[in-house]
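# Descriptive structure summary
Residue strings, one per chain:
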Amino acid sequence: MFRLFTFAATLLAGSGVLVADEAFPPHKVAGNVYYVGSKDLAAYLIKTPEGHILINTGFEETVPLIRGAIEKLGVPLKEIKFLLASHAHSDHVAGHATMKELTGAKVCVMRGDHAVMAAGGVGQYLYKESRWKPCEVDRVLDDGDEVKLGGTTLVARRTPGHTRGCTTWTWKVREGEKDLLVVVIGSPNVNAGYRLVGNQDYPEIAADFAKTFQILKSLPCDVFLGAHGEYYGMLAKVERLGGEKNPFVDPEGYKAYVELKEKAFQKTLAEQKEP
Ligand SMILES: [Zn+2]
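So, here is what we can say about the structure in this document.

Parameters and conventions
Residues numbered from 1 in each chain as written. Predicted model: local features only at pLDDT ≥ 70, side-chain atom pairs only at ≥ 80, totals over all residues. Heavy atoms only, no water. Phe/Tyr/Trp six-rings, centres within 6.5 Å; stacked < 30°, edge-to-face > 60°. Lys NZ or Arg CZ within 6 Å of the ring centre and 35° of its normal. Donors = N, O, S within 2.8 Å, 3.2 Å for Na, K, Ca; no water. Buried < 20%, exposed > 50% of the residue type's maximum accessible area, 1.4 Å probe, protein only. Helix = DSSP H or I, 4+ residues; strand = E, 2+ residues; numbered from the N terminus. Contact = heavy atoms within 4.5 Å. Pairing = 2+ DSSP bridges. Axes fitted to C-alpha atoms, helices over the stretch in contact; angles between N-to-C directions. Salt bridge = Lys/Arg side-chain N within 4 Å of Asp/Glu carboxyl O. Parallel < 35°, antiparallel > 145°, perpendicular 65-115°, else oblique. Left-handed = near helix turned anticlockwise from the far one by under 90°. Nonpolar A, V, L, I, M, F, W, Y, C, P; charged D, E, K, R; others polar. Right-handed = clockwise from strand over helix to strand, strands pointing away.

## A few points about the packing of aromatic side chains
Under the counting rule described, the total for this entry stands at twelve aromatic pairs. An aromatic cluster of three or more residues is present, and its members are Phe224, Tyr231, Tyr232, Phe248, Tyr254 and Tyr257. Taking the ring centre of tyrosine 202 as reference, the NZ or CZ of arginine 164 above it sits at 4.2 Å.

## Observations concerning the coordination of the zinc ion
Around the zinc ion, the donor atoms from the protein are His87 (NE2), His89 (ND1) and His162 (NE2), and they sit 2.1 to 2.2 Å away. Donor residues for the zinc ion sit on one chain with the sequence pattern H-x1-H-x72-H. Classification of histidine 87 by relative accessible area gives buried; the value is 2%. Of the residues examined, histidine 89 reaches a relative accessible area of 3% and is grouped as buried.

## Comments concerning the side chain of serine 38
Residue placement: serine 38 occurs in the loop between strand E4 (33-35) and strand E5 (44-48). Those residues in contact with serine 38, other than ones at most four positions away along the chain, are Asp21, Glu22, Phe24, Thr62, Leu65 and Met234.

## A word on the sheet that holds strand E13 (residues 178-185)
An order of E10-E11-E12-E13-E14 is seen for the five strands of this open sheet, with the pairing classed as mixed. Of all strands in the sheet, those with a lone pairing partner are strand E10 (146-149) and strand E14 (223-226), marking the two edges. With strand direction ignored, the average angle separating the axes of adjacent strands in the sheet is 20°. Relative to E14, E13 is paired through four bridges, and the arrangement is parallel. Pairing of isoleucine 185 across the sheet is with glycine 226, part of E14. Against the sheet, helix H6 (residues 205-218) makes contact with strand E11 (152-158), strand E12 (167-175) and E13, and its axis sits at roughly 145° relative to E11, the strand it touches most. Across the sheet, helix H8 (residues 251-273) lies against E13 and E14, angled at about 25° from E13, the strand it touches most.

## Observations concerning the sheet that holds strand E7 (residues 80-84)
Taken together, the seven strands give an open sheet; going across it, the order is E3-E4-E5-E6-E7-E8-E9, and neighbouring strands pair in mixed fashion. Looking at which strands have only one partner, the edges of the open sheet turn out to be strand E3 (27-30) and strand E9 (139-141). The mean angle between the axes of side-by-side strands here comes to 25°, regardless of whether they run parallel or antiparallel. Two strands pair when backbone bridges link them, and E7 and strand E8 (residues 106-110) are joined in this way by two bridges, in the parallel orientation. The partner of leucine 83 across the bridge, within E8, is valine 107. On the sheet, helix H4 (residues 96-103) packs against strand E6 (51-55), E7 and E8 and is oriented at approximately 170° with respect to E7.

## Topic: the pattern of salt bridges
Scanning the entire structure with this criterion turns up 13 salt bridges. One salt bridge connects lysine 217 with glutamate 262, and the closest N-O pair in it is separated by 3.0 Å. You can see lysine 217 sitting in helix H6 and its partner glutamate 262 sitting in helix H8, a full 45 residues away along the chain. Where lysine 237 meets aspartate 250, a salt bridge forms, and the shortest distance between an N and an O atom there is 2.7 Å. Note that lysine 237 is positioned in helix H7 (residues 234-239) and aspartate 250 in the loop between H7 and H8, a separation of 13 residues in sequence. Each of the two residues, lysine 237 as well as aspartate 250, counts as buried.

## Let's talk about the packing of H6 against H8
It is the contact of H6 with H8, at a shortest axis distance of 10 Å, that shows an interaxial angle of 165°. Relative to H8, the element H6 is oriented roughly antiparallel. In this structure, H6 crosses over H8, and the sense of that crossing is left-handed. Of H8, the residues touching H6 (which contributes Ala206, Phe209, Ala210, Phe213, Gln214, Leu216 and Lys217) are Tyr254, Val258, Lys261, Glu262, Phe265 and Leu269. Its residues assigned to classes, the contact of H6 with H8 shows nine nonpolar, one polar and three charged.

## Digging into the pairing of E7
Counting buried positions over the five residues of E7 gives four, a clear majority of the element. Relative to E7, E6 runs parallel, the two sharing four bridges. Following the sheet pairing, isoleucine 55 is matched in E7 by leucine 84. Crossover handedness for the path E6 to helix H2 (residues 63-72) to E7: right-handed.

Next comes the structure, spelled out in structure tokens:
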């Protein structure tokens, strides 16, 4: 277990930026939801009486960290029944093929990202060199489709732009006497190098981002999560665990984040429209 906390690696993220990643202690988020990601790359384990669901696997190099976190929670990998994803960029799905081998889970991916996932990264917008171990997709999802297991129902919302099949996951958890709505944002980010205007590889990209912000603004959210811990201030929130209030219950933070990202999208769009 010691190795788990000393492992550190320098990885090339989907954005082409070098990031140092390391193991992070798994922690309960709310209800049956547990954070099992690395320090930077979020992965969530949703525990149910009939098996479990895992969202995201990180890079191939992240898989041992996620595996360590899951086992630290006392959950055998073979009990994981579904593997889901935030979006088909290497920092969230490159580990899917290995995790599928380890768990035997069914892989469910949103239409638009499913072919990229199965082809090991071929067909991505912009990141033409990025590759991973191809992963068979067992079920292709459409907007609003549900993944059900052991009394928990996850709803897949297609929130495209960042990738064509970028997926925001939302579901209800029971925390004490209350029902809470969880939202895991797929990604609202216009990455460096993205062309929003005159993009021949992804002509509908600006319209897709606009649609995504409409959806994100319409979603009720109590528990604010995302594909990277950085989206929702994971590190700072973990520091506040054990207090009277659950720091991950943050509807205002969710609204502010979506607003901030929509403004950033509109600013980039306006800049790129200038002659
Ligand atoms: Zn990405």
